[in-house]
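Chain by chain, the residues:
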Amino acid sequence: MQLASSGGRRLRHAALAARKLALEAERTVTRKELSAAARDAGKALDLRPAQRAVLSELVACWGEQEWDRLLVWPSNDYLMSRTGLTERAIRRILRQLIDLQLLAPKDSPNGKRYAVKDLAGQVVDAFGFDLTPVYARRGDWAVMLMEQKQLREVQKRAFDEVTICRRAAEEALAALAEHFPELDRSAFEGELKTLQARTPARSKVTLPVDLLEAWQLLRIRVEEAFFEKGNAGLGVRHSNNNNGSPSETCNKGFPKKAEAVLPTEQPSEHLSPELILEACPTLADYGQPVRDLADIVSAGRYLRASLGAHESAWAEAVEEIGTVRAAIAVIYTLQLYEDDVAKNGGESRIKNPGGYFRALARMVKTGKIDLAVELLAMRRRRMA
């Protein structure tokens, strides 16, 4: 810092800049207004507690005189008694406040701080410190505080997005471990631990460079892996296997009746058409009365296209869990999807219902999910 000598105290350029600041014409400043400006300055400049304590005591000495400068003249002994700091600390902090353009020193011929009085005993001038810069720069404090608030908001949104991506990545990894344990997840888990170690606490001011982008990329990769496994490797949700005449209409109407329900496929008594109708009102989209299990199968085959599920998914489900349970899985998945859309304001967490149906059928086969239990729970939720 460049210094200039005034013959006594070494004068800093910050002090010269502070002296140029002035109050508005005929402006009277109260101690309350000055104290508010000092508090804002402390927040804007992030002053240390000792600096704030000294500045606060200087402000408390302002006598609300109708002067054009806000002069105070407390001695170091007074400031020591009020703050509990040593004289050396007081001197150091006063220099720091001058460097921050919060104070402007006004030195007397003998270097002491005192008031100048007239013959009637009225204080007309003083030697000490000028607090005018604290009040005159209140516009600067307001701008700095606004910028700090905006920065905190940006950082909060960044930390919130990191938290969302972290939880989504952890949930996707847990889903992969539960539904597709054969998949090698070591690379994803290693990257997750690395990012967790790099992520600071929210008390930090800024996030490391590119950390948010790394979390977003990990989330996309893990969710895409789960999507691809749930979609059985298919790159599209639909495929055109219509080999009929182009002159024929695409919609040939509702199926007359599904294939016959074999005796070995008869489900438990809990999987009755009545239970399915009560738990899954989405069956109304079928447009035909549902009286028995054959109607349930017919509805499942018809509504399968509403999920965007490929016919290979239906064929696999029929082979693995039977026609009836495959149809019930279609209806259950469709109801889950519609309930989620209604609950989340038009957006569902099930991004690929067709892949979800395929994964659900596999879990029913392995015994991880009992359709009867799930339907009973869905009916209870709906009745509640």
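This text goes with the structure placed above it.
Student: Before we go on, may I ask you to explain the overall build of the protein in this structure?
Tutor: The helix and strand tally for the protein stands at 15 helices and six strands. Buried residues in the protein amount to 38% of all 384 residues. Intrachain contacts of the protein at a sequence separation of at least 6 include 70% that bridge at least 24 residues. Accessible surface, the protein as shown: approximately 22200 Å² in total, 51% of it carbon and sulfur.

Student: What am I meant to see in the packing of helix H11 (residues 293-303) against helix H13 (residues 323-343) here?
Tutor: When two helices pack together, their arrangement is given by the angle between the helix axes and by the axis-to-axis distance. At a closest axis distance of 8 Å, the pairing of H11 and H13 adopts a crossing angle of 55°. Between H11 and H13, the angle is such that the two are oblique. Along this stretch, H11 crosses H13, giving a crossing that reads as left-handed. Contacts between H11 and H13 involve Leu293, Ile296, Val297, Gly300 and Leu303 from the former and Thr323, Val324, Ala327, Ile328, Val330, Ile331 and Leu334 from the latter. In the contact of H11 with H13, the residues fall into ten nonpolar, two polar and no charged.

Student: Sorry, what's going on with the packing of aromatic side chains here?
Tutor: In this description, a pair of aromatic rings is defined by centroid distance and the angle of the planes. Enumeration over the complete set of coordinates arrives at three aromatic pairs. Their ring planes at 55° and their centres at 5.3 Å tell us that Tyr114 and Phe127 sit as a pair that is tilted. Of this pair, Tyr114 sits in strand E5 (residues 114-117) while Phe127 sits in strand E6 (residues 123-130), and the two are 13 residues apart along the sequence. With relative accessibility at 31%, the residue Tyr114 sits in the partly exposed group. The cationic tip of Lys106 hangs over the ring face of Phe127; the distance from NZ or CZ to the ring centre is 5.5 Å.

Student: Hey, could you run me through helix H15 (residues 371-383) in this one?
Tutor: Owing to its 3.6 residues per turn, the α-helix brings residues three or four apart onto one side. Between its first and last C-alpha atoms H15 spans 18 Å; for 13 residues at 1.5 Å apiece the expected length is 18 Å, and the two agree. Turning to H15, its buried residues are Leu371, Ala372, Leu375, Ala377 and Met378. Of the surrounding elements, those touching the buried residues of H15 are helix H10 (273-279), H13 and helix H14 (353-366). Where H15 begins, the side chain of Asp370 points an oxygen toward the backbone nitrogen of Ala372, at a separation of 3.0 Å.

Student: How should the pairing of E6 be read in this particular structure?
Tutor: Moving residue by residue along a regular strand, the side chains alternate between the two faces of the sheet. For strand E3 (residues 71-72) and E6, the ladder comprises two bridges, and the chain directions are antiparallel. Residue Val72 lies in a different strand from E6, and its bridge partner there is Phe129. Where strand E4 (residues 104-106) lies against E6, three bridges are found, and the strand directions are antiparallel. Bridge pairing in E6 links Ala104 to Asp130. Sheet topology note: the E5/E6 ladder contains four bridges and is antiparallel.

Student: Would you mind showing me how to read the pattern of salt bridges here?
Tutor: Any two side chains of opposite charge can pair, on the condition that their charged atoms come close. Considering all chains together, one arrives at 15 salt bridges under this definition. A salt bridge links Arg137 to Asp140, with the shortest nitrogen-to-oxygen separation between them at 3.2 Å. The exposure class of Asp140 is partly exposed, given its relative accessible area of 38%. The salt bridge involving Arg166 is made with Glu170; its shortest N-O contact spans 3.4 Å. Placement of the pair is Arg166 and Glu170 together in helix H7 (residues 138-179), with a separation of four residues, close to one helical turn. Looking at Glu170, the relative accessible area reads 28%, which means it is partly exposed. The network of salt bridges with shared partners includes Glu316, Arg358 and Arg362.

Student: Is there a simple way to explain a positive patch on the surface in this structure?
Tutor: Among the surface-exposed residues, Lys32, Arg39, Lys43 and Arg52 lie close enough to one another that they form a single positively charged patch. Top contributing element to the positive patch by residue count: helix H2 (residues 31-45), with three residues. Following the sequence through the fold, Arg52 ends up in helix H3 (residues 49-60).

What counts, and at which threshold
Residues numbered from 1 in each chain as written. Predicted model: local features only at pLDDT ≥ 70, side-chain atom pairs only at ≥ 80, totals over all residues. Heavy atoms only, no water. Helix = DSSP H or I, 4+ residues; strand = E, 2+ residues; numbered from the N terminus. Buried < 20%, exposed > 50% of the residue type's maximum accessible area, 1.4 Å probe, protein only. Contact = heavy atoms within 4.5 Å. Areas by Shrake-Rupley, 256 points an atom, 1.4 Å probe, with all protein chains shown as cover. Axes fitted to C-alpha atoms, helices over the stretch in contact; angles between N-to-C directions. Parallel < 35°, antiparallel > 145°, perpendicular 65-115°, else oblique. Left-handed = near helix turned anticlockwise from the far one by under 90°. Nonpolar A, V, L, I, M, F, W, Y, C, P; charged D, E, K, R; others polar. Phe/Tyr/Trp six-rings, centres within 6.5 Å; stacked < 30°, edge-to-face > 60°. Lys NZ or Arg CZ within 6 Å of the ring centre and 35° of its normal. Expected span 1.5 Å × (residues − 1). Polar contact = N/O pair within 3.5 Å; in protein donor to acceptor, adjacent residues only side chain to side chain. Pairing = 2+ DSSP bridges. Salt bridge = Lys/Arg side-chain N within 4 Å of Asp/Glu carboxyl O. Patch = residues over 30% accessible without salt bridge, like charges linked within 9 Å, V, L, I, M, F, W, Y side chains within 5 Å. Lys, Arg positive; Asp, Glu negative; His and termini not counted. Charge placed at Lys NZ, Arg CZ, Asp CG, Glu CD.

None of this, on its own, says anything about what the molecule does.
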